[in-house]
Amino acid sequence: MKILITGGAGFIGSNFIYYLLGRYPEDELVCLDALTYAGNLETLEEALQSPKFRFVKGDIADRTLVYDLFETERFDVVVNFAAESHVDRSIETPELFLRTNVMGTQVLLDASRKYGVKRYHQVSTDEVYGDLPLDRPDLFFTEETPIHTSSPYSASKAAADLLVLAYYRTFSLPVTVSRCSNNYGPYHFPEKLIPLMISRALKDQNLPVYGTGENVRDWLYVEDHCAAIDLIIRKGTIGEVYNIGGHNERTNLEVVKTILRELDKPESLITYVTDRPGHDRRYAIDPTKIHRELGWLPATKFDEGMKRTILWYLNHRNWWERILAGEYQDYYERMYSHRS
Ligand code: NAD
Ligand code: TYD
């Protein structure tokens, strides 16, 4: 199979590339990524050694570039991870989110139609369902939960999901959609809660907790997400949406305290800061459908996953320090300027 992975220089996409390279040596992988601030080619250094992997720098919203790539490569499967993904940034610049997350998705859908792929998979988020109240632990998001978004980020992801499903209904494009809860693990950009808190705690800097820290997220180890997407693209039913999550709900404060405990740092580093506007209270996925239909279950318990993640950040200090220093952005120039 030849698989296009968009956004593969980011957190989940890069983990997915390594997941596939380790399991399907016969598959050919092409990564298309614009290398925005969130894309880091250094993350793909090892993958770039493989003859089965090719990297293309480009914007999914660039129709000419995308069509040329599809024409040359004739992909069997497209997995779209490329997105602007940070809620706080979407509050600052919503238009960027609409351009990449909605218009970019549309270009990929059009290319998939024009050049005929066997599967187009859209990587989406549980945030399209909005949030759940804190005092109703009995409520979970199912695939039937109405779309009810809160932030420009989630609104753009929901718009993309609807477009993907419309291309199935109207044009019979063979699509699937997955909606996953919050991921954590290696290569997570240090602007998101867990890597931000680990990197700041290691430098004895204050840890900015929004509001009261009581908001709840349903955390999934990134490799479990990759395994679920892999199952969906190989065995999932066309036209279907699959929720992905592992019943690992934690308040933000619990997460931050876990990190402090593991690093043997004092809780006095915690600083309460002004809440995020429109801050979603609780996310919680009901993963019954993907378990029943595809046999998927998460393999990694939260405590184990957190230990592994913290150890990874301790052992890869160079990776995140170069990000914080902005140095990783020179990498493409250094590696590729002499090649074109
Ligand atoms: P990320 O921000 O770490 O990576 C996004 C990648 O997309 C980057 O490499 C970036 O350079 C690339 N990109 C951005 N705009 C692009 C464009 N116009 N053209 C080509 N490439 C572009 O994001 P992530 O956390 O890895 O998330 C990947 C996907 O999974 C997103 O679609 C996100 O909505 C979804 N998701 C994320 C989570 C999570 O917890 N992180 C949970 C559920 C779903
Ligand atoms: P984040 O990692 O941005 O993911 P999302 O908003 O997509 O769930 O944030 C996770 C939770 O952590 C969210 O409730 C906001 C909170 N948060 C903080 O309290 N402080 C921070 O500095 C950040 C980045 C997030």
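Everything here concerns the structure above.
What counts, and where the lines are drawn
Residues numbered from 1 in each chain as written. Chains lettered and ligands numbered in written order. Predicted model: local features only at pLDDT ≥ 70, side-chain atom pairs only at ≥ 80, totals over all residues. Heavy atoms only, no water. Near = heavy atom within 4 Å. Polar contact = N/O pair within 3.5 Å; in protein donor to acceptor, adjacent residues only side chain to side chain. Areas by Shrake-Rupley, 256 points an atom, 1.4 Å probe, with all protein chains shown as cover. Helix = DSSP H or I, 4+ residues; strand = E, 2+ residues; numbered from the N terminus. Nonpolar A, V, L, I, M, F, W, Y, C, P; charged D, E, K, R; others polar. Pairing = 2+ DSSP bridges. Axes fitted to C-alpha atoms, helices over the stretch in contact; angles between N-to-C directions. Parallel < 35°, antiparallel > 145°, perpendicular 65-115°, else oblique. Left-handed = near helix turned anticlockwise from the far one by under 90°. Contact = heavy atoms within 4.5 Å.

Asks: Tell me about the site of ligand 1, and name the residues and values.
Replies: The immediate surroundings of ligand 1 are formed by 28 residues, with Ile-12, Asp-33, Ser-85, Tyr-153 and Lys-157 found nearest. Between ligand 1 and Asp-59 there is a distance of 2.8 Å, counted from a nitrogen atom to a side-chain nitrogen or oxygen. Between ligand 1 and Asn-183, the relevant distance is 2.8 Å, taken from an oxygen atom to a main-chain nitrogen or oxygen of the residue. In isolation ligand 1 has 840 Å² of accessible area, and contact with the protein removes 96% of it. Sorting the residues of the shell around ligand 1 by element identifies helix H1 (11-23), strand E5 (119-125) and helix H5 (152-171) as the ones contributing at least two each. In terms of residue count, the dominant contributor to the shell around ligand 1 is E5 (three residues). Residues of the shell around ligand 1, tallied by class, amount to 13 nonpolar, 12 polar and three charged.

Asks: Account for the site of ligand 2, with residues named and values stated.
Replies: Glu-127, Pro-208, Arg-217, Arg-276 and His-279 are the nearest of the 18 residues found near ligand 2. At 2.9 Å from an oxygen atom of ligand 2 is found a main-chain nitrogen or oxygen belonging to Leu-193. His-279 has a polar side-chain atom sitting 2.7 Å from an oxygen atom of ligand 2. Protein coverage of the free-state accessible area of ligand 2, which is 510 Å², stands at 96%. Of all the secondary structure elements, the ones that give two or more residues to the shell around ligand 2 are helix H6 (193-202) and strand E8 (207-210). Looking at side-chain class alone, the shell around ligand 2 contains eight nonpolar, five polar and five charged residues.

Asks: Which residues make up the sheet that holds E5, and what values go with them?
Replies: Strand order in the open sheet formed by seven strands is E3-E2-E1-E4-E5-E6-E11, and the pairing between neighbours is parallel. The open sheet has two edge strands with one neighbour each: strand E3 (53-57) and strand E11 (241-244). Between one strand axis and the next, the sheet turns through 20 degrees on average, direction left out of account. Two strands pair when backbone bridges link them, and strand E4 (residues 77-80) and E5 are joined in this way by four bridges, in the parallel orientation. By the bridge assignment, Val-79 is partnered in E5 with His-121.

Asks: Let's hear about the packing of H1 against helix H7 (residues 222-235): which residues, and what values?
Replies: Across the interface, H1 lies against H7 with an axial gap of 9 Å and an inter-helix angle of 65 degrees. By the angle class used here, H1 and H7 are roughly perpendicular. When the axes of H1 and H7 are compared, the crossing they make is right-handed. Within the contact between the two elements, H1 uses Phe-11, Ile-12, Asn-15, Phe-16, Tyr-19 and Leu-20 and H7 uses Val-222, Glu-223, His-225, Cys-226, Ala-227, Ile-229, Asp-230, Ile-233 and Arg-234. In terms of residue class, the contact of H1 with H7 is built from 10 nonpolar, two polar and three charged.

Keep in mind these values describe shape, not function.
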